[in-house]
2 protein chains.
Amino acid sequence: MKELWIIGLGPGGGRDLTGRAREALEKADVIVGYTVYIDLIRAEFGHKDLRTTPMRKEQERCEMALELADSGKVVAMVCSGDPGVYGMAGLCYELAPRWPEVRLEVIPGITAACGGAAVLGAPLMHDFCLISLSDLMTPWEKIEKRLRAAGEADFVLCLYNPSSHKRKDYLRRACEILLESKSPDTPCGCVREIGRAGETATVLTLGELRDAQVDMFTTVFIGNSQTKILGGKLVTPRGYLQR
Amino acid sequence: MKELWIIGLGPGGGRDLTGRAREALEKADVIVGYTVYIDLIRAEFGHKDLRTTPMRKEQERCEMALELADSGKVVAMVCSGDPGVYGMAGLCYELAPRWPEVRLEVIPGITAACGGAAVLGAPLMHDFCLISLSDLMTPWEKIEKRLRAAGEADFVLCLYNPSSHKRKDYLRRACEILLESKSPDTPCGCVREIGRAGETATVLTLGELRDAQVDMFTTVFIGNSQTKILGGKLVTPRGYLQR
């Protein structure tokens, strides 16, 4: 059986790797990934055949992995977080029909929503939406529509890719849409470099978030109408004490 | 320092446990949890002081954990999946002010959305909403509003607690709301007993899902307008090949 395993490293890399992911990396002949993610596992898996491709070369990376798997190597492709959440799992499945003998398996990892929530406290205890603010592949109008829907239905939100060099004001625009339906006092949080050296967490209000500067290494959390700050932590009650 | 660690076991238990979670369980003096979850780790951590409380006794379970931590024990409370997603993290933080010397830490796990998505293929590659259909602590009207908003804004959906003995028709009602805005041909998937013996996955359409029987051990996925079935797998393109 020809095998391609698409593996989530979790945020950061080491500590949040699952037992299943570690076992797969140990078994693999070749490990493929974006340079930065390969560097995260180099200390532990540097004796393996490691292949890197640069940022933005997602299609080439998946094709390389499928090609190597088709040649008979057991291939592990690594992604930050969870490969099934804005990772490479979908693209691998889309390309896979060209290599029909390769069997794909996704090995999940801790996505930034879960990793960042744990740092902030417990913001995602109730229904939530995960939205990427990147409009590289999604029209901004669609992103706006989703933000508005999420705000009006009182979801907690977790925002991926809240900023980049070219999209400096996107988080401000998102906050302005959410302020149509959410209070400016809504508790929010930002976590930067989740699980890495230099991890930082900030708790602030939606009104403050609108004017905050965040970068592409930041994951943003916006509470629902019940979210509160308790001892510096962001907590969305599920309702156990309120029923 | 008095410590309470709230730990996610991932779906099932063993294989998806992270290195950080395993290390914490090894260090803990006492492990507290719902009976079923304690049983999942008994084989490996049976030599520890294990304390269980039955279903529905969430508040008592958290109070027991905080009380034990306050007495000087290092306490690990285990949750299925991720403690930060419909788990015990929020309730522990809500109760914690009564034990001000206890420091809480959430150690994330793979939530059923990520674990189930990996089984089905790659359904969560684009913006998604996570909604629990349980109305034990949330008015059904609020759940309906969130379903309608998620459907109209073309989110992928992942539904937790889609059914119970008392709520046999909730998934049907949810599907009917989603059918107001989504095509009956929308690809969907169900995963039962994720990561456990007897795990099963089904791919079906939204029209078929409306009439499907699912139980409380099932996690349900509903595609967006782009989701397709490729080689039996549920795949939501992110847009790499479409741009």
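Notes on the structure follow. Since the model is a prediction, treat every value here as computed from it, not as a measurement.

**Description of the environment of Gly151(A)**
All names here are of chain A.
Piece 1. Mapped onto the secondary structure, Gly 151 falls in helix H6 (residues 140-152).
Piece 2. With a relative accessible area of 5%, Gly 151 lands in the buried category.
Piece 3. Sequence separation between Gly 151 and Met 1 is 150 residues, and the spatial gap between their C-alpha atoms is 47 Å.
Piece 4. What Gly 151 contacts, discounting residues up to four positions off in sequence, is Leu 178, Ser 181 and Lys 182.

**Details of the interface of chain B and chain A**
Piece 1. Each side of the interface is counted separately: chain B has 66 residues, and chain A has 65 residues.
Piece 2. For the pair chain B and chain A, the two sides together bury roughly 6,000 Å², of which 59% comes from carbon and sulfur.
Piece 3. Across the chain B-chain A interface, the total number found is 10 salt bridges.
Piece 4. Close ionic contact of Arg146(A) with Asp127(B) constitutes a salt bridge, the shortest N to O distance being 2.8 Å.
Piece 5. Between chain B and chain A we count 30 residue pairs in polar contact (both at pLDDT 80 or more) in total.
Piece 6. The greatest single-element share of the side of chain B that touches chain A, amounting to six residues, is contributed by helix H4 (residues 89-95) of chain B.
Piece 7. The class makeup of the residues in the side of chain B that touches chain A is 30 nonpolar, 19 polar and 17 charged.

**Observations concerning the relation of the copies chain B and chain A**
Piece 1. For the pair chain B and chain A, the relating rotation is 180°, the translation along its axis is 0.0 Å, and the fit reaches an RMSD of 0.0 Å. In symmetry terms, the pair is related by a two-fold rotation axis.
Piece 2. Looking at chain B, 98% of its interface residues are interface residues in chain A too, so the copies touch through the same face.

**Looking at the environment of Ala65(A)**
Residue and element names in this part refer to chain A.
Piece 1. With respect to the helices, strands and loops of the structure, Ala 65 is situated in helix H3 (residues 58-70).
Piece 2. For Ala 65, a relative accessible area of 0% translates into the label buried.
Piece 3. Spatially, the C-alpha atoms of Ala 65 and Arg 51 are 9.0 Å apart, while their sequence positions differ by 14 residues.

**Describing the sheet that holds strand S8 (residues 156-160) of chain A**
Piece 1. Reading across from one edge, S10(A)-S9(A)-S11(A)-S8(A)-S7(A)-S7(B)-S8(B)-S11(B)-S9(B)-S10(B) is the order of the 10 strands in this open sheet, with mixed pairing throughout. The sheet terminates laterally at strand S10 (200-205) of chain A together with strand S10 (200-205) of chain B, the two strands that pair on one side only. Along the sheet, successive strands turn relative to each other by an average axial angle of 15°, direction set aside.
Piece 2. Summarising the sheet, strand S9 (residues 187-192) of chain A and strand S11 (residues 218-222) of chain A pair through five bridges and their orientation is antiparallel. Each residue of the ladder has a partner; that of Cys188(A), found in S11(A), is Ile222(A).
Piece 3. Those strands touched by helix H5 (residues 112-120) of chain A are strand S7 (128-132), S8, S9, S10 and S11 of chain A, and its axis lies near 70° from that of S11(A).

**Remarks on the pattern of salt bridges**
Piece 1. Under the defined criterion, the tally for this structure stands at 42 salt bridges over all chains.
Piece 2. Salt-bridge contacts for Arg192(A) lead to Asp215(A); the nearest nitrogen and oxygen are separated by 2.6 Å. A residue pair is termed long-range when its members are at least 10 positions apart, and Arg192(A) in strand S9 and Asp215(A) in the loop between helix H8 (206-210) and S11 qualify at 23 residues.
Piece 3. Judged by its relative accessible area of 30%, Arg192(A) falls in the partly exposed class.
Piece 4. A residue is classified by how much of its surface remains accessible, and Asp215(A), at 23% relative accessible area, is partly exposed.
Piece 5. A single network of salt bridges, built from pairs that share partners, joins Glu3(A), Arg20(A), Arg103(A), Glu105(A) and Asp16(B).

**Topic: the sheet that holds strand S6 (residues 121-122) of chain B**
Residue and element names in this part refer to chain B.
Piece 1. The three strands lie next to each other as S6-S13-S12, forming an open sheet whose pairing is mixed. Looking at strand neighbours, the two that pair on one side only are S6 and strand S12 (228-230), the edges of this open sheet.
Piece 2. Examined bridge by bridge, S6 and strand S13 (residues 233-235) share two bridges and lie parallel to one another. Bridged to Ala 122 within S13 is Val 235.

**A closer look at the nonpolar core**
Soluble globular proteins: nonpolar side chains tend toward being buried together.
Piece 1. Judged by nonpolar contacts, the single largest core of 53 residues is most densely connected at Ile131(A), Leu133(A), Leu209(A), Ile131(B), Leu133(B) and Leu209(B).
Piece 2. Ignoring anything within four residues of it in the chain, the contact list for Ile131(A) reads Tyr86(A), Ile143(A), Arg146(A), Leu147(A), Ala150(A), Leu157(A), Cys158(A), Leu159(A), Tyr160(A), Asp127(B) and Phe155(B).
Piece 3. Within the second largest apolar cluster, 37 residues are counted, among which are Ala117(A), Ile194(A), Ala113(B) and Leu120(B).

**Here's the deal with unusual backbone geometry**
Backbone phi values are negative for most residues with the exception of glycine, while trans is the configuration of most peptide bonds.
All names here are of chain B.
Piece 1. The backbone phi angle of Tyr 86 is positive, close to 55°, even though this residue is not glycine.
Piece 2. Structurally, Tyr 86 can be placed in the loop between strand S4 (75-79) and H4.
Piece 3. The exposure class of Tyr 86 is buried, given its relative accessible area of 11%.
Piece 4. One non-glycine residue, Asn 161, lies in the positive phi region at around 50°.

**Notes on the packing of helix H6 (residues 140-152) of chain B against helix H7 (residues 170-178) of chain B**
All names here are of chain B.
Piece 1. Taken N-terminus to C-terminus, the directions of H6 and H7 make an angle of 40°; their axes are 8 Å apart at the nearest point. Our classification of the angle between H6 and H7 gives oblique. The element H6 and its partner H7 pack so that their crossing is right-handed. Across the interface between the two elements, Trp 140, Glu 144, Leu 147, Arg 148 and Gly 151 of H6 pack against Tyr 170, Arg 173, Ala 174, Ile 177 and Leu 178 of H7.
Piece 2. Grouping the constituent residues of the contact of H6 with H7 by class yields six nonpolar, one polar and three charged.

**Here we look at the packing of aromatic side chains**
Piece 1. According to the stated counting rule, one finds six aromatic pairs over all chains in the structure shown.
Piece 2. Ring geometry for Tyr34(A) against Tyr37(A): centres 5.1 Å apart, planes inclined by 90°, an arrangement best described as edge-to-face.
Piece 3. Geometrically, the ring pair formed by Trp140(A) and Tyr170(A) is tilted, given 4.7 Å between the ring centres and 50° between the ring planes. Of this pair, Trp140(A) sits in helix H6 while Tyr170(A) is found in helix H7 (residues 170-178), placing the two residues 30 residues apart along the sequence. Taken individually, Trp140(A) and Tyr170(A) each receive the classification buried, so the pair is uniform in this respect.
Piece 4. Its guanidinium or amino end placed over the ring of Phe155(B), Arg146(A) lies 5.6 Å from that ring's centre, counting from NZ or CZ.

Rules and cut-offs
- Residues numbered from 1 in each chain as written.
- Chains lettered and ligands numbered in written order.
- Predicted model: local features only at pLDDT ≥ 70, side-chain atom pairs only at ≥ 80, totals over all residues.
- Heavy atoms only, no water.
- Helix = DSSP H or I, 4+ residues; strand = E, 2+ residues; numbered from the N terminus.
- Buried < 20%, exposed > 50% of the residue type's maximum accessible area, 1.4 Å probe, protein only.
- Contact = heavy atoms within 4.5 Å.
- Buried area = accessible area lost by both parts, 1.4 Å probe.
- Salt bridge = Lys/Arg side-chain N within 4 Å of Asp/Glu carboxyl O.
- Polar contact = N/O pair within 3.5 Å; in protein donor to acceptor, adjacent residues only side chain to side chain.
- Nonpolar A, V, L, I, M, F, W, Y, C, P; charged D, E, K, R; others polar.
- Least-squares fit on C-alpha atoms with pLDDT ≥ 70 in both.
- Pairing = 2+ DSSP bridges.
- Axes fitted to C-alpha atoms, helices over the stretch in contact; angles between N-to-C directions.
- Core = buried A, V, L, I, M, F, W, Y, C linked by side-chain atoms within 4.5 Å.
- Parallel < 35°, antiparallel > 145°, perpendicular 65-115°, else oblique.
- Left-handed = near helix turned anticlockwise from the far one by under 90°.
- Phe/Tyr/Trp six-rings, centres within 6.5 Å; stacked < 30°, edge-to-face > 60°.
- Lys NZ or Arg CZ within 6 Å of the ring centre and 35° of its normal.

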